[in-house]
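Report on the structure
Here is how the chains run, residue by residue.
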Amino acid sequence: MGTEGKAGSVVKRFTCGELVEVVTAYLDDALDEPDRAAVESHLARCADCGLYLDQFRATVRAVADQPGEQLSQPVRDRLMAAFKARHPSS
Ligand SMILES: [Zn+2]
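Residues numbered from 1 in each chain as written. Predicted model: local features only at pLDDT ≥ 70, side-chain atom pairs only at ≥ 80, totals over all residues. Heavy atoms only, no water.

As recorded in an unreviewed UniProt entry, the protein chain goes by Putative zinc-finger and comes from Nonomuraea wenchangensis.

Within the protein, the atoms that donate to the zinc ion are Cys16 (SG), His42 (NE2), Cys46 (SG) and Cys49 (SG), at distances of 2.0 to 2.3 Å. Bound by four donor atoms, the zinc ion shows angles of 101 to 113 degrees at the metal and therefore tetrahedral coordination geometry. One chain supplies every donor to the zinc ion, and in sequence these donors are spaced C-x25-H-x3-C-x2-C. Linking Cys16 in helix 1 (residues 16–27) with His42 in helix 2 (residues 33–45), this pair joins segments that are 26 residues apart in sequence. Judged on exposure class, the residue Cys16 and its partner His42 are both buried. (Donors = N, O, S within 2.8 Å, 3.2 Å for Na, K, Ca; no water. Tetrahedral: all angles 85-135°; square planar, octahedral: opposite > 155°, others 65-115°. Helix = DSSP H or I, 4+ residues; strand = E, 2+ residues; numbered from the N terminus. Buried < 20%, exposed > 50% of the residue type's maximum accessible area, 1.4 Å probe, protein only.)

And the structure:
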């Protein structure tokens, strides 16, 4: 956080790091419209994040196939760590 401009009317944009932070909410359909649109516009122009989202979805599905399992914090942390390793910083 901390990089947003002052103009309220400008379409929100996520960096790759910020997108990682909201991707679970995105997959849960828990984002408000401006945020969801920002995620989708980022995915449309960032192949890395598109791949990451595919991986994330596959992982979520694999976990969901196991009764009683949920996407736990360790799993999220591992996915985010793997992603961040490919994006040292931005
Ligand atoms: Zn990205």
